[in-house]
Amino acid sequence: RYMNILRQHNPIKSSTSTPKMLFRSYCTAAIAAMAATSPLAAAAAQSSSSVRGAAPEEVAANKQHRALAGATGKYLEQRVEYSEDAFQLADNPEPNVDRRLRELQGNSGNRGPPDGTGPKKLAAFELASGEILEVEGLTAEDEASLSSGDEIILPAEATMSGQKINVHGKPIGRPPNAGNRQGRKLATLTGDKTVVGVRVVTSCNDSTTSSEADLRNYIFDDAVNLAKQYKACSHDKLNIIKPAGGNTIASGNTALASNIVGGVLTVNINRCTTADADDSTMRNEITAAINSAFGVSNPTDIADHFMYCLPPGTFGGIAYAYMNSWMSVYKDNWCNYVSAQLHEVGHNLNFGHASEGTAEYGDQSGMMGFSYSQNDSPVMCFNAAKTVQSGWFSDKTVTIDPNNDAGSCYSGPLYGLDSYTSSPADANVLIQLLSTGATNYHIGFNGKQGSNSGTVEHGNRVLITTQAATGASLKIANLGAGQSYTIANYDGSGRDVTISVTSVSGSDHAVIEIMCGPALCSSDGQCDDNNACTTNVCDGACNFFPISNCCGNGICEPGNGESFDLCFDDCADGPYDVTAPLCSSCYIQDGNMFEVKARDKNVAITTLATRTYAVGGASGTFGGEVWTKQGTMVGFETNMSAWTKIADVSFTSGSWQMLQFPEFDTPVQIAAGQTQSFYVTHKNGGKALWGGGGPVRNTLATEDDNLQMFHGYYNAYPFGGRGAGTWNGALTYMSDNGVTATLSPTPPPTPAPVNPPTPPPSPAPVNPPTSLPTSEPTNPPSPQPTNPPSPNP
């Protein structure tokens, strides 16, 4: 490539009679040009000349290119992402796919864990140019003490082979100012951050699937994306923006097709993905091309973060990024998916993974768990540990030291993060429990609304996570109303710390109490846990003992007549969520009818959330209702008197959000093996989103271990025309914890209204919706079909 450039400036005739010396001179000049552009190329040229003429053993010793010895740069940690197929994705028709983890190829080789159950942290070295090499041979001490972003000096024994550096077990050097991490610049999580998305075109015409316009839409402009979601999750504390411009490519440039336009550019590289795929080499060639084209020493001279969107077939994973750094790398369309975008840029911002149990990505309450192959969903933010780390809500974060507090060290509401601005000025949205060790405890209410309306699990629950200052978090508990979690022998003090949830108010807040060991007392009267099912005893400290045969003592006692239907608080497990398949090409109508069936356990539906579309695409205030009936809906679609209304609320929301209903006054119980029908509808301007594609009514839409949900109808309000469609929403339920009982019959439906219902409308809405705004997802919701649906057979 460099020789071709030189020929353009000093053309010669190429023929068999051209002297070899002349070509050799061009090669020498080409190598010099490479050295000026890329430090890696210069290192390769240096090592190549040092091998020529050496003895055989010297040649073997020099094959590892002793090129970067003594170089100064940054130590980085690379976090590799794997694919995860257990979550039911819109483009995955298989209902029960086992979880599969695919390791990155090329950059990470086969260095994942032996059992393939999770990622392995990879060490890397960043040159001043921004080119990044994998590092091997670190000492155990360096592996333990180095943090991503630290400035380091490679030992004299360091060698380079391909895209890897081996330090051969020699200690890493530190600059003089690095003793107190002064040489490390931590990523900032507030203010404006400029981001550039990079398309790639190879010499074999392989390219990133998305066009520049597509990438710009997915990263900055469509309904839910990197920029909008970080802005929403941080409540305007962090703003992802496009570079303002002013960077002009150098004349004679062949690597870049154009300047950065609207936060996106295209880079041409001299490499194929099919024949010699290697994301490490490709990644560094992209960096060198950007530096050369814009005449900068490092891409960060242009923008804070770069997203390299590589062509398909480049590597076998889905994405990776560097902690406390500027670069994230994606396999083709994963650059488009909002969960992958927030996850990888989250690593750049120093967020580690969100774990649960033994699963590295298992905490699916926020974006640092698994990523999902969906453009505009799930709409969710980060768990409490990451959010405390961000500092976005420090004014509404309370810090408690259980080692210096006794008795009730917190009692009151804990608001969800989406309620940050709407909650009272003295309210709290996060709680941090300090520890004498390296790991603190973080408590948050995972309110399922607004910017967090699509949280994949444990919505409207109090979640407890642990995390050191940075790094991976671990979710250790999720609590609903009436539940508690005890941290035994806190910090080895001999005292227990118990977090209890008194009540949950929909998706807005929960009321909790934290007991930091027993409260000191001198009489029983000073002890009161506000539970009629415990006996309060003072023995210098308050103790609370459950009273037998009392519903509310936390113990299911079938011998005393307690059962799932008679003592729900003691005899139910959960809550659990089951989410219907969400549409990407959607239709709109007032509401949906569908059936659910309990499998081999009694269940009780406690609340639900429904996906909405505000008329005109703007936010608005409108009503929502939930109706239910025992048994099938077939034959009762327009018969209001057969149904019981269980919720009637008013919402304020924008389009494409999950609207979370408050908990039902009385849970809807479904006996094992029985069917219950639901009618969820909007009114006063709101519309329900539903999936088309010709679903067959009452065929399975989704299921979990306890509950099945079926395809149903879309309906005009109230109880009007209908056609086959799939509800977009999620049910929250409790399940029987194993006590066998005969459920009390469901109360009969309410009497028919005094005034008979308005006659049902025609099968299609009277005023069918117009085409929806183009600024919504790639495939915007379509209008109602041209031909109205056929009557139900």
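For the structure, see preceding data.
What you are looking at is a predicted structure, and each value in this text was computed from that prediction instead of being measured. (Residues numbered from 1 in each chain as written. Predicted model: local features only at pLDDT ≥ 70, side-chain atom pairs only at ≥ 80, totals over all residues. Heavy atoms only, no water.)

## Description of the overall build of the protein
Along its length, the protein carries eleven helices and 39 strands. Expressed as a percentage of the 793 residues in the protein, the buried residues total 53%. (Helix = DSSP H or I, 4+ residues; strand = E, 2+ residues; numbered from the N terminus. Buried < 20%, exposed > 50% of the residue type's maximum accessible area, 1.4 Å probe, protein only.)

## What to know about the pairing of strand 14 (residues 397–400)
Two faces, one strand: in a regular strand the side chains alternate between the faces of the sheet. Residues of strand 14 alternate between two faces, with Val398 and Ile400 buried on one and Thr397 and Thr399 left unburied on the opposite face. Relative to strand 16 (residues 430–433), strand 14 runs parallel, the two being bridged by four bridges. The partner of isoleucine 400 across the bridge, within strand 16, is leucine 433. (Pairing = 2+ DSSP bridges.)

## Comments concerning the packing of aromatic side chains
By the definition in use, this model includes 24 aromatic pairs. In this arrangement the basic side chain of lysine 396 is found over the ring face of tyrosine 420, its NZ or CZ atom lying 5.3 Å from the centre. (Phe/Tyr/Trp six-rings, centres within 6.5 Å; stacked < 30°, edge-to-face > 60°. Lys NZ or Arg CZ within 6 Å of the ring centre and 35° of its normal.)

## A short note on the pattern of salt bridges
For the structure shown, the criterion picks out 15 salt bridges. In this structure, the salt-bridge partner of arginine 216 is glutamate 212, at a minimum N-O distance of 3.9 Å. Of this pair, arginine 216 and glutamate 212 are both found in helix 6 (residues 212–221), four residues apart, which corresponds to roughly one turn of the helix. The residues arginine 216 and glutamate 212 share a single accessibility class, namely buried. With a shortest N-O distance of 3.2 Å, lysine 475 and glutamate 356 are connected by a salt bridge. A residue pair is termed long-range when its members are at least 10 positions apart, and lysine 475 in strand 19 (residues 471–479) and glutamate 356 in strand 13 (residues 351–356) qualify at 119 residues. The class for glutamate 356 is partly exposed, based on a relative accessible area of 26%. Connected via shared salt-bridge partners are Glu356, Asp363, Glu457 and Lys475. (Salt bridge = Lys/Arg side-chain N within 4 Å of Asp/Glu carboxyl O.)

## A short note on the state of the cysteines
On inspection of all chains with the given rule, the structure shows seven disulfides. Note on cysteine connectivity: cysteine 409 is disulfide-linked to cysteine 516, with sulfurs 1.8 Å apart. Every disulfide takes its handedness from the sign of the S-S torsion; for cysteine 409 and cysteine 516 that torsion is 70°, giving right-handed. Highlighted residues: cysteine 409 in strand 15 (residues 407–415) and cysteine 516 in strand 22 (residues 509–516), separated in sequence by 107 residues. Here cysteine 556 is linked by a disulfide to cysteine 571, with a sulfur-sulfur distance of 1.9 Å. Between cysteine 556 and cysteine 571 the disulfide shows an S-S torsion of about 95°. By sign, it is right-handed. Here cysteine 571 lies in helix 11 (residues 568–571) and cysteine 556 lies in the loop between strand 24 (542–546) and helix 11, a separation of 15 residues in the sequence. Looking at cysteine 571, the relative accessible area reads 0%, which means it is buried. (Disulfide = S-S within 2.5 Å.)

## Looking at helix 6
Looking at helix 6, one finds that the buried residues are Glu212, Leu215, Arg216, Tyr218, Ile219 and Phe220. The secondary structure elements touched by the buried residues of helix 6 are strand 7 (191–202), helix 7 (226–233), strand 8 (238–241), strand 9 (264–269), strand 10 (305–310) and helix 9 (338–348). (Contact = heavy atoms within 4.5 Å.)

## Quick word on the sheet that holds strand 21 (residues 497–505)
Strands pair in a sheet through their backbones, by hydrogen bonds, and they do so in one of two ways: parallel or antiparallel. In spatial order, the strands read 15-22-21-20; together these four strands make up an open sheet with antiparallel pairing. Both outer strands of the open sheet, strand 15 and strand 20 (484–487), are each paired with one neighbouring strand and no more. Across the sheet, the axes of successive neighbouring strands diverge by a mean angle of 15°, strand direction being ignored. Bridging between strand 20 and strand 21 involves four bridges; their strand directions are antiparallel. Residue pairing in the sheet places serine 484 in a bridge with serine 500 of strand 21. (Axes fitted to C-alpha atoms, helices over the stretch in contact; angles between N-to-C directions.)

## Looking at unusual backbone geometry
Note that the residue after serine 377, namely proline 378, is joined by a cis bond; omega there is 0°. Of note, the amide linkage connecting tyrosine 717 to proline 718 takes the cis form, showing an omega dihedral of -15°. You can see proline 718 is positioned in the loop between strand 37 (712–715) and strand 38 (722–727). A positive phi angle is found at aspartate 236, which is not glycine, with a value near 70°. Note that aspartate 236 resides in the loop between helix 7 and strand 8. Positive phi, close to 50°, is recorded for asparagine 324, a residue that is not glycine. For asparagine 324, a relative accessible area of 7% translates into the label buried.

## Some words on the sheet that holds strand 19
With mixed pairing, the six strands of this open sheet are ordered in space as 13-19-18-17-16-14. Edge positions in the open sheet fall to strand 13 and strand 14, since each of these has one partner strand only. The sheet shows a mean angle of 25° between the axes of neighbouring strands, taken without regard to direction.

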